[in-house]
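Chain by chain, the residues:
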Amino acid sequence: VQLVESGGGLVQPGGSLRLSCAGSGFTFSSYPMSWYRQAPGKERELVASISSIGGIRNYADSVKGRFTISRDNAKNTVYLQMNSLKPEDTAVYYCKVLIRYNYWGQGTQVTVSS
């Protein structure tokens, strides 16, 4: 199982970024996927999750209305569209899949700063 995130970077408050997570080594379309984030000095927290075929999506209260999770099972990729970014969204963002165990990507840094 391998998960590879991309799309992070430095953005000004109010800006947007789209993160991608490409999965391999498992049947991507069979599993729910999640995005987590971890800010310096804080615990890793769930940001958003999506069911295997995308019909059910859940979000942390802190990102509702600003972030959108989606997936393309033909491309084995899950996305996180982040709009109206705030400095408090600064963190390393990880995607995760649970297949008996939790598998994590290496993370991608998102920094929101002027």
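Above: the structure in question.
## With respect to the packing of aromatic side chains
Right, so step 1: Under the defined criterion, the tally for this structure stands at 4 aromatic pairs.
Right, so step 2: Look at tyrosine 94 and tryptophan 104: their rings are 6.3 Å apart centre to centre, the planes differ by 85 degrees, and that puts the pair in the edge-to-face class. Here tyrosine 94, found in strand β9 (residues 91-99), pairs with tryptophan 104, found in strand β10 (residues 101-104); they are 10 residues apart in sequence, far enough to count as distant.
Right, so step 3: In this structure tryptophan 104 comes out as partly exposed when scored by relative accessible area, which is 33%.
Right, so step 4: Here the aromatic cluster, defined as three or more aromatic residues joined through ring pairs, consists of Phe26, Phe28 and Tyr31.
Right, so step 5: It is arginine 44 that lies over the ring of tyrosine 94; its NZ or CZ is 3.8 Å from the centre.
Right, so step 6: The ring of tryptophan 104 carries arginine 44 above its face, with NZ or CZ at 4.5 Å from the centroid.

## Topic: the environment of methionine 33
Right, so step 1: Within the secondary structure, methionine 33 is located in strand β4 (residues 33-38).
Right, so step 2: What makes methionine 33 buried here is its relative accessible area of 0%.
Right, so step 3: When the C-alpha positions of methionine 33 and arginine 71 are compared, they lie 8.7 Å apart, and in sequence the two are 38 residues distant.
Right, so step 4: The residues touching methionine 33, leaving out its near neighbours within four places in the chain, are Leu3, Cys21, Phe26, Phe28, Ala48, Ser49, Ile50, Ile69, Arg71, Val78, Lys96 and Val97.

## Some words on the sheet that holds strand β7 (residues 67-72)
Right, so step 1: Strand order in the open sheet formed by 4 strands is β1-β3-β8-β7, with antiparallel pairing between adjacent strands. Each end of this open sheet is capped by a strand with a single partner; those strands are β1 (2-6) and β7. Each neighbouring strand pair of the sheet contributes to a mean axis angle of 15 degrees, computed without reference to strand direction.
Right, so step 2: Two strands pair when backbone bridges link them, and strand β3 (residues 17-24) and strand β8 (residues 77-82) are joined in this way by 6 bridges, in the antiparallel orientation. Looking across to β8, one finds that leucine 19 is bridged to leucine 80.

## Some details on the nonpolar core
Right, so step 1: With 28 residues, the main nonpolar core has Met33, Trp35, Leu80, Met82 and Tyr93 as its most contacted residues.
Right, so step 2: Looking at this core, the elements with two or more residues in it are β3, β4, β5 (45-50), β7, β8, β9 and β11 (108-112).
Right, so step 3: With 5 residues, β9 is the largest single contributor of residues to this core.

## Description of the environment of serine 29
Right, so step 1: For serine 29, the position within the fold is in the loop between β3 and β4.
Right, so step 2: The residues touching serine 29, leaving out its near neighbours within four places in the chain, are Ser52, Arg71 and Asn73.

## Considering the pairing of β5
Right, so step 1: Across 5 bridges, β4 lies against β5 in antiparallel orientation. Bridged to methionine 33 within β5 is isoleucine 50.
Right, so step 2: In this antiparallel pair of consecutive strands, β4 and β5, the connection spans 6 residues, and glycine 41 shows a positive phi of 75 degrees.
Right, so step 3: When β5 meets strand β6 (residues 57-59), the two strands line up antiparallel, connected through 3 bridges. Within the sheet, the bridge partner assigned to alanine 48 lies in β6 and is tyrosine 59.
Right, so step 4: Between the antiparallel neighbours β5 and β6 lie 6 residues, among them glycine 54 with a positive phi of about 90 degrees.

Quick notes on the rules
Residues numbered from 1 in each chain as written. Predicted model: local features only at pLDDT ≥ 70, side-chain atom pairs only at ≥ 80, totals over all residues. Heavy atoms only, no water. Phe/Tyr/Trp six-rings, centres within 6.5 Å; stacked < 30°, edge-to-face > 60°. Helix = DSSP H or I, 4+ residues; strand = E, 2+ residues; numbered from the N terminus. Buried < 20%, exposed > 50% of the residue type's maximum accessible area, 1.4 Å probe, protein only. Lys NZ or Arg CZ within 6 Å of the ring centre and 35° of its normal. Contact = heavy atoms within 4.5 Å. Pairing = 2+ DSSP bridges. Axes fitted to C-alpha atoms, helices over the stretch in contact; angles between N-to-C directions. Core = buried A, V, L, I, M, F, W, Y, C linked by side-chain atoms within 4.5 Å.

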